[in-house]
Amino acid sequence: MNAFSNFHALRKIALRCMQASIVWALCSSVGWAEQADRDRPMNIEADRLQHDDNKKVSSFQGKVLATKGTLVLRGDTLEVREDDQGYQYGLVLPLAGQRVFFRQKREGLQEYMEGEAERIEYDGRKDRVTLSGRAELRRLRGTTLSDAIQGQVIVYDNLNDQFSVDGQARTQGSGSSSAAGRVRAVLAPKPKEGTGR
């Protein structure tokens, strides 16, 4: 082998090593950089707190702001309980006539799901958010509004990347519905590569 062919062989090896390190870096930053929000601690700010250690229930009142990884919940009151396995469950309620707010980043994407409703329930075990009463869910790609959904009950399943919407309000304790409206949706097409939109 002459010096010229040695140079090309070394260059190919160097390029392969560089490609492998770039792929590893991309996988680390996209696939592994964000842990599931359900495994993160919940940080809460409020005006008041009542805690019952025996029941593992904490009740926060007054301008509540809760964060859990990329998950953000805002309302007037928040009740958090924890099961025996350590999973957290939250119920957020607003002041009368207002709505509470939720926002969560989609795993591995520069997209966010956010919404408002008269009641929001968070299930830490299933990584699921249920919005009830004048519910609205929006998908933002970066800062651009992409999709908007309205209904009486919206269930957003972050783990399976799915949501369902019910336009009818259910009466307590029965499976019957009262005519509260229909589901309304605006679904934007995904922007084409390289168009910047």
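As a starting point, this report considers the structure included with it. (Residues numbered from 1 in each chain as written. Predicted model: local features only at pLDDT ≥ 70, side-chain atom pairs only at ≥ 80, totals over all residues. Heavy atoms only, no water.)

Along its length, the chain carries one helix and 14 strands. For the chain, buried positions account for 31% of its 197 residues. Partitioning the intrachain contacts of the chain with sequence separation of at least 6 by distance along the chain shows that 42% fall at a separation of at least 24. With an accessible surface of roughly 12800 Å², the chain has 52% of that area assigned to carbon and sulfur atoms. (Helix = DSSP H or I, 4+ residues; strand = E, 2+ residues; numbered from the N terminus. Buried < 20%, exposed > 50% of the residue type's maximum accessible area, 1.4 Å probe, protein only. Contact = heavy atoms within 4.5 Å. Areas by Shrake-Rupley, 256 points an atom, 1.4 Å probe, with all protein chains shown as cover.)

Among the structural elements, P94 can be located in the loop between strand 5 (88-93) and strand 6 (100-105). When the C-alpha atoms of P94 and A117 are compared, they prove to be 8.8 Å apart, with 23 residues separating the residues in sequence.

All right, on to unusual backbone geometry then. Both trends apply: most residues other than glycine have a negative phi, and most peptide bonds are in trans. Positive phi, normally seen in glycine, also occurs at K56, with a value near 55°. Mapped onto the elements, K56 comes out in the loop between strand 2 (48-52) and strand 3 (57-68). A positive phi angle is found at K63, which is not glycine, with a value near 45°. Relative to the assigned elements, K63 resides in strand 3.

A few words now on the pairing of strand 4 (residues 71-82). As defined by bridge partners, strand 3 adjoins strand 4 across ten bridges and the pair is classed as antiparallel. Of the residues in strand 4, the one forming a bridge with V64 is G75. As consecutive antiparallel partners, strand 3 and strand 4 are separated by two residues, and within that stretch G69 has a phi angle of approximately 65°, a positive value. Two elements, strand 4 and strand 5, share six bridges in a ladder whose sense is antiparallel. Directly across from L78, in strand 5, lies its bridge partner V92. Linking two consecutive strands that pair antiparallel, namely strand 4 and strand 5, is a turn of five residues; a positive phi of about 95° is found at G86 within it. (Pairing = 2+ DSSP bridges.)

Right, let's talk about the pattern of salt bridges for a bit. A complete count under the given rule lists 15 salt bridges for this structure. Linking R139 and D147 is a salt bridge whose minimum nitrogen-to-oxygen distance equals 2.7 Å. For R139, a relative accessible area of 17% puts it in the buried group. Judged by its relative accessible area of 8%, D147 falls in the buried class. (Salt bridge = Lys/Arg side-chain N within 4 Å of Asp/Glu carboxyl O.)

Aromatic rings in a pair are described by how distant their centres are and how their planes are angled relative to each other. If you walk through the whole model with that rule in mind, you get one aromatic pair. Aromatic pair F102 and Y156: ring centres 6.1 Å apart, planes at 45°, arrangement tilted. One end of the pair, F102, is in strand 6; the other, Y156, is in strand 10 (residues 144-157), and 54 residues separate them in sequence. By relative accessible area, F102 is classed as buried at 0%. In this structure Y156 comes out as buried when scored by relative accessible area, which is 1%. Sitting over the face of the ring of F101, R74 holds its NZ or CZ atom 4.2 Å from the ring centroid. Taking NZ or CZ as reference, R81 lies 4.4 Å from the ring centre of Y89, over its face. (Phe/Tyr/Trp six-rings, centres within 6.5 Å; stacked < 30°, edge-to-face > 60°. Lys NZ or Arg CZ within 6 Å of the ring centre and 35° of its normal.)

Remember, this is a structural readout, not a statement about activity or role.
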